[in-house]
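# Architecture and fold: a report
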Amino acid sequence: MKKIILGFIILFWPEAFLFTVQAQVNISNILATNVNADNAIIELNLPMELDGRVYVFLVWVTSEGKQAYLTHVAKGGKQLYEMRHHPEWRGPLKLVATNVNEARGSVRQATFLDEIELFLVPERLMPATINMLNKNTLFMWSWNHILLVVLAISALIFFIITKKHIVMALVFGFVIAWSMMDLRKMYDHFMIAQHIESQQITVPKVLEDLKVFLHRAGDIIGPNSWKTEDLGVLFRHFAEYKLAEHEYLPYESPTPPDFIITSKPKNREVAWEYKGYYLVKGKNKP
Amino acid sequence: MTILAIIGHLVLNFLLGWSLLSLKPKERNWGEHLVSALALGIYTETIFVATMMFLGLGLKTAIMITASVLTGLTFLTWKRGHLRFPSLVIEKPKWYEWLLLLTVGEKIAFIGWQIFRMDLHFDDATNHWAGRAHSLFGGINWSFDPDSPLFLGSHIAFKNYPLGTIMWSTITAVMNGEWNDVIARIEGLVFFCLIVATVWSAVWRFSQSRWFAAFAAFTVSALPLHVWHAASGYSDTAVTTFGVLALAVLLRKEWFLAGIMVAGAAWSKNDGLALFAPSIFVGVGLWQFSWQDIIKIRWFEKQKWQNIGCCFLGIATLAPWYLYKQWHSLSLSEHMDFTWHPDAPNLFWDYVMMGPTNSILWICLFPVMVVASFVLHQREAGRAVFGVFWTTFAVIIYVFFFTSAYEWLKIQTTVHRTMLQFSGIAVIASSYGIWSLLNMKEFTQNKKTLPPRTQST
């Protein structure tokens, strides 16, 4: 999975409180003005239908006028967003805003329960999960650092109190730290399974509409040929996999396909359409 | 039907591997025998089918011929009385083994849940691996004609990627009569179980300690990225499996089989060749020759070169694929420029050593290996472990610090997969290192390997 590198250049007009991001994201929903970022987090309430489908851009302007942002995958319902690890999230801020107009939220000081909630924010099932996993923090401490401290203290206890060989003491310390790590991951697994089961989905939400679209598109294409056009890489690959038993016409092929799967129908005859995906008829298809 | 096809395929693979292992009896316990037989069967079957397809046969014909030949071989081995299995000895689990079973069981359940409940969706799986396998199964979007844009599924993926897991999924789908997303990924679950079993049995062999074997198996199974990869349809779990098996069988002095396991890793993904061929060669070489032998140029003992040659022959079983690639001018991998990247060490530290994806595994494991290296070289197997670990690591450093693959470190993608592939070997090696430190006195006095407490097959 190739990481999508978005070249954000945020243009800021203070008068209009409007941000424009190069990737055509409008940052127009003001969450707070003139707040203190020290030990503060953001609480957002998002509609469930946006869960996992859009990126939430959290953008802010410091007292010196510097702009900074963080992105998160949208989480439905009331959720906390950790901001404190960002070096620009410090001191008084002029403004905090987001691109999601439906979002309601605030900037507030983190409480003890917030810290626990932030630590237990589960991993998200999304295409990027295959490459790297989320960083967990507890009271702003990296979970890895905490585990290393646990390892060291446990090893010291085994070494001093139970008189274990130093190597053995370190092994036992590692087992304790690794077990804690594993328990935290097991919690993630449980939460992911629960989330997916409650949502009754079978693919990450970003692919859900395409899956429904392709199911019907495959029936329509039948023994005819097809190709993709104007689809993002992830979506193109997903379509090519799902429809691998239908004749695919590579881009080099001189003959036009019978059907084209696209996000831009361009005034061509549409055989099937579902939530922004179109199956259009090729030039030779009556 | 899908479950039956998968189980049936695995049983056939096991029988095939068992027959082949029976041709050269060695000391193995039942766990080692089971794991080696299954991996060997998977590799042999897939390379056999692929070779016939390279020669121009159709998929189903190649599968039929393979099934006939390999079933015949199994029958003949059985008929001649060579098909023996070590006695099945299962001792009552101790409390920590129950905990191990519980934690590994949780991972198997989560992997299984992903495979059976979710559609295949991770990107590389939809093109390079399951994408090409589905195309091969469907037939219409696959070609062995190098002039076709569909050549080896190159319309959706890199044609120079090997076909090991692709062939296995395709054969399972043929046995099943149709393709589905379970078949596309189920081998990941099988390979995950093989990794845990291999680490357990390899550590048990040299330590003869149940708690220590359980500790090593727990360490490798809990690596956070494993549960995602095992259910993803990627080939990295297969590479990890064959890599860890290569070291495990090397520690049993099965040189030829070690070479075959390297071939299995390379047949699963090109990374397998780059990571494990040099390191297993170094490991086998260091087993044969002590530092004194190397310094004093005592290099001419025939038996030692035969052992190294056996390892090379094992790797050479992948020749059909490389000859086919050579014939069609397919490169070994994507082109990589040689350039030193000065910020690579810092990125590696931040992302791999201290990042969340690998948790604290590497930050704990490397110091162990640095310290243990002072002891490891005093014994044959220790030298081999030392050689395999540090050579693999050197290759990883070379690739991500000195080539254009640095980009994949910078954006944290392939680097974590590569470390995942290394994880099995690293856990066995560090366990060996810890064991040597715990038993330093015996280790330094007894320069030969300890006789394993196993049964001859």
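Residues numbered from 1 in each chain as written. Chains lettered and ligands numbered in written order. Predicted model: local features only at pLDDT ≥ 70, side-chain atom pairs only at ≥ 80, totals over all residues. Heavy atoms only, no water.

## Quick look at the overall build of chain A
The test is simple: Counting from the N terminus, the helices are the DSSP runs of H or I reaching at least four residues and the strands are the DSSP runs of E reaching at least two. Here's how the labels work: a residue is buried when its accessible area is under 20% of the maximum for its type, exposed when over 50%, partly exposed in between, all with a 1.4 Å probe on protein chains only. In these tables, accessible area is a Shrake-Rupley quantity obtained with a 1.4 Å probe, and a residue counts as shielded only by the protein chains included in the view. When charges are tallied, Lys and Arg are placed among the positive residues and Asp and Glu among the negative ones, while His and the ends of the chain are skipped. Lys charges are placed at NZ, Arg charges at CZ, Asp charges at CG and Glu charges at CD.
Tallying secondary structure elements over chain A gives five helices and 16 strands in all. Referenced to the eigenvectors of the C-alpha coordinate spread, the extents of chain A come out at roughly 85 × 55 × 35 Å. A burial count over chain A gives 49% of its 286 residues as buried. Counting every atom, chain A has about 13900 Å² of accessible surface; 60% of that belongs to carbon and sulfur. Both charge centroids of chain A, one from 30 positive and one from 28 negative side chains, sit 3 Å from each other.

## A look at the overall build of chain B
Note the cut-off: It is over C-alpha atoms that the radius of gyration is taken, and the globule rule equals 2.2 Å times the number of residues to the power 0.38. We call two residues in contact when some of their heavy atoms are within 4.5 Å.
Helix and strand counts for chain B come out as 21 helices and zero strands. Its C-alpha radius of gyration of 21 Å places chain B within 12% of the 23 Å reference for a compact globule of 457 residues. The C-alpha extent of chain B, read off along each of the three principal axes, is 65 × 60 × 50 Å. Counting contacts in chain B only where the partners sit at least 6 residues apart, residues at least 24 apart contribute 78% of the total.

## As for the packing of helix H2 (residues 30-54) of chain B against helix H7 (residues 181-207) of chain B
All names here are of chain B. Counted only if it meets this: In this analysis, axes come from line fits to C-alpha atoms, helices being fitted only over the stretch in contact, and the angle between any two N-to-C directions falls in the range 0 to 180 degrees. Roughly parallel covers angles under 35 degrees, roughly antiparallel covers those over 145, roughly perpendicular covers 65 to 115, and oblique covers all other angles. What makes a crossing left-handed is the near helix being turned counterclockwise from the far one by less than a right angle; a clockwise turn instead makes it right-handed.
H7 packs onto H2 with a crossing angle of 140° between their chain directions and a minimal axis gap of 9 Å. In this view, H2 runs oblique relative to H7, as classed from their interaxial angle. At the point where H2 passes H7, the crossing takes the left-handed sense. From H2, Glu 32, Val 35, Leu 38, Ala 39 and Ile 42 reach across to H7, where they touch Val 190, Phe 191, Leu 194, Ala 197, Thr 198, Ser 201 and Arg 205.

## What to know about the pattern of salt bridges
All names here are of chain B. Defined as follows: When a carboxyl oxygen of Asp or Glu lies within 4 Å of a side-chain nitrogen of Lys or Arg, that pair is called a salt bridge.
Here the structure, examined in full by the defined rule, presents 31 salt bridges over all chains. Ionic pairing is found between Glu 254 and Arg 28, a salt bridge with its closest N-O pair at 2.7 Å. Placement of the pair is Glu 254 in the loop between helix H10 (236-250) and helix H11 (255-268) and Arg 28 in the loop between helix H1 (2-23) and H2, with a sequence separation of 226 residues. In terms of burial, Glu 254 and Arg 28 fall into one category: buried. A salt bridge links Arg 252 to Glu 254; the nearest nitrogen and oxygen atoms lie 2.8 Å apart.

## Brief notes about a nonpolar patch on the surface
Residues and elements named next belong to chain A. What counts here: Patches were defined on residues exceeding 30% relative accessible area and lacking a salt bridge, with like-charge contacts within 9 Å and nonpolar side-chain contacts (Val, Leu, Ile, Met, Phe, Trp, Tyr) within 5 Å.
Taken together, the side chains of Trp 141, Val 149, Ile 153, Leu 156, Ile 157, Phe 159, Ile 160, Ile 161, Ile 166 and Leu 170 make up a nonpolar region of the molecular surface, amounting to roughly 960 Å² of accessible area. When contributions to the nonpolar patch are tallied by element, the ones reaching two or more residues are helix H2 (143-160) and helix H3 (166-199). The biggest single contributor to the nonpolar patch is H2, with six residues. Counting through the fold element by element, Leu 156 comes out in helix H2. Look at Leu 156 and you get exposed, because its relative accessible area is 51%.

## So, the packing of aromatic side chains
For the record, the criterion: Between the rings of Phe, Tyr and Trp (Trp by its six-membered ring), a pair exists once the centres lie within 6.5 Å; its type follows the angle of the planes, with under 30 degrees stacked, over 60 edge-to-face, and the other angles tilted.
Under the definition given, this model contains 52 aromatic pairs over all chains. A ring pair is formed by Phe172(A) and Trp211(B), whose centres lie 5.7 Å apart and whose planes are at 50°; its orientation type is tilted. Of this pair, Phe172(A) sits in helix H3 while Trp211(B) sits in helix H8 (residues 210-221), on two different chains. Through a chain of ring-to-ring contacts, three or more aromatic side chains come together here, namely Phe338(B), Trp340(B), Phe348(B), Trp362(B), Phe366(B), Phe389(B), Trp390(B), Phe393(B), Tyr398(B), Phe401(B), Phe402(B) and Phe422(B).

## Focus: the confidence of the model for chain B
Under the convention used in this document: Within a predicted model, pLDDT stands for the predictor's per-residue confidence, ranging from 0 to 100.
The share of residues in chain B with pLDDT of 70 or more is 96%, and the mean pLDDT across the chain is 91. Across residues 448-457 of chain B the pLDDT falls below 50, and counting only partners more than four positions away or on other chains, this stretch makes 30 contacts in the model.

## As for the side chain of Thr137(A)
By the element assignment, Thr137(A) lies in strand E11 (residues 137-138). Take Thr137(A): its relative accessible area is 16%, and that puts it in the buried class.

## Here we look at the interface of chain B and chain A
Interfaces are often sized by the amount of accessible area the parts lose when they come together. Stated precisely, the cut-off is as follows: Between N or O atoms, a polar contact is any pair within 3.5 Å; within protein, one atom must be a potential hydrogen donor and the other a potential acceptor, and residues adjacent in sequence are included only when both atoms are from side chains. For this scheme, ten residues count as nonpolar: Ala, Val, Leu, Ile, Met, Phe, Trp, Tyr, Cys and Pro. Four count as charged, namely Asp, Glu, Lys and Arg, and the remainder, Gly too, count as polar.
Taken together, the contacts link 63 residues of chain B with 61 residues of chain A. Linking chain B to chain A there are five salt bridges. Of the charged contacts in the structure, one is a salt bridge between Lys211(A) and Asp119(B), with a shortest N-O distance of 3.1 Å. Here chain B is connected to chain A by 26 residue pairs in polar contact (both at pLDDT 80 or more). The set of elements that each furnish at least two residues to the side of chain B that touches chain A consists of helix H4 (95-117), helix H5 (123-138), H7, H8, helix H9 (226-229), helix H17 (361-376) and helix H20 (414-438) of chain B. Here the side of chain B that touches chain A takes 10 residues from H5(B), the largest share from any one element. Grouping the amino acids of the side of chain B that touches chain A by side-chain chemistry returns 34 nonpolar, 21 polar and eight charged.

## Observations concerning the sheet that holds strand E6 (residues 55-62) of chain A
Strand pairs in the sheet, formed through backbone hydrogen bonds, run parallel or antiparallel to each other. Residue and element names in this part refer to chain A. For clarity, the cut-off: Strands are treated as partners if at least two bridges between them are detected by DSSP.
Taken together, four strands build an open sheet; the order of strands is E4-E9-E6-E7 and the sheet is antiparallel. Edge positions in the sheet fall to strand E4 (29-36) and strand E7 (67-73), since each of these pairs with one other strand and no more. Each adjacent strand pair in this sheet contributes to an overall mean axis angle of 20°, direction not counted. Two elements, E4 and strand E9 (residues 92-98), share six bridges in a ladder whose sense is antiparallel. Along E9, the bridge assignment pairs Thr 33 with Leu 95.

## Focus on the packing of H4(B) against H8(B)
A pair of packed helices is captured by two measures, namely the crossing angle of their axes and the spacing between those axes. Residues and elements named next belong to chain B. At a closest axis distance of 10 Å, the pairing of H4 and H8 adopts a crossing angle of 20°. Considered as vectors, H4 and H8 are oriented roughly parallel to each other. Crossing angle aside, the handedness with which H4 passes H8 is left-handed. In this structure, H4 contributes Tyr 96, Glu 97, Leu 100, Thr 103, Val 104 and Lys 107 to the contact, and H8 contributes Arg 210, Trp 211, Ala 214, Ala 217, Phe 218 and Ser 221. Partitioning the contact of H4 with H8 into residue classes produces seven nonpolar, two polar and three charged.

## Brief notes about helix H12 (residues 270-288) of chain B
Going by this rule: One less than the residue count of a helix, multiplied by 1.5 Å, gives the span that helix is expected to have. By definition, a residue's bend is the angle between the axes fitted to the seven residues ending there and the seven starting there.
Taking 1.5 Å per residue as the helical rise, H12(B) with its 19 residues ought to reach 27 Å, and the 27 Å between its terminal C-alpha atoms agrees with that figure. Roughly 30° is the biggest bend found in H12(B), and it falls at Phe276(B), with proline Pro278(B) one to four residues downstream.

## A closer look at the environment of Pro224(B)
Note that Pro224(B) resides in the loop between H8 and H9. Residues in contact with Pro224(B), not counting those within four places in the same chain, are Leu133(A), Trp178(A), Met181(A), Lys185(A), Thr357(B), Asn358(B) and Ser359(B).

## Comments concerning the sheet that holds strand E10 (residues 104-109) of chain A
All names here are of chain A. An order of E8-E5-E10 is seen for the three strands of this open sheet, with the pairing classed as antiparallel. The open sheet is flanked by strand E8 (77-81) and E10, the only strands paired with a single partner. The sheet shows a mean angle of 20° between the axes of neighbouring strands, taken without regard to direction. By the bridge criterion, six bridges tie strand E5 (residues 40-46) to E10 in an arrangement that is antiparallel. Along E10, the bridge assignment pairs Leu 44 with Gly 105.

## Structural notes on the state of the cysteines
As used in these notes, a disulfide is a covalent bond between sulfur atoms, one from each of two cysteines. All names here are of chain B. Going by this rule: For this text, the term disulfide refers to a pair of cysteine sulfurs within 2.5 Å.
Applying the stated criterion across every chain yields a total of zero disulfides over all chains. For the unlinked cysteine Cys 310, the closest cysteine sulfur is that of Cys 311, found at 8.7 Å. For Cys 311, a relative accessible area of 0% puts it in the buried group.

## Re the side chain of His155(B)
With respect to the helices and strands, His155(B) occurs in the loop between H5 and helix H6 (164-176). Residue classification places His155(B) among the buried positions, given a relative accessible area of 13%. Those residues in contact with His155(B), other than ones at most four positions away along the chain, are Tyr248(A), Pro250(A), Ser135(B), Asn141(B), Pro149(B) and Leu150(B).

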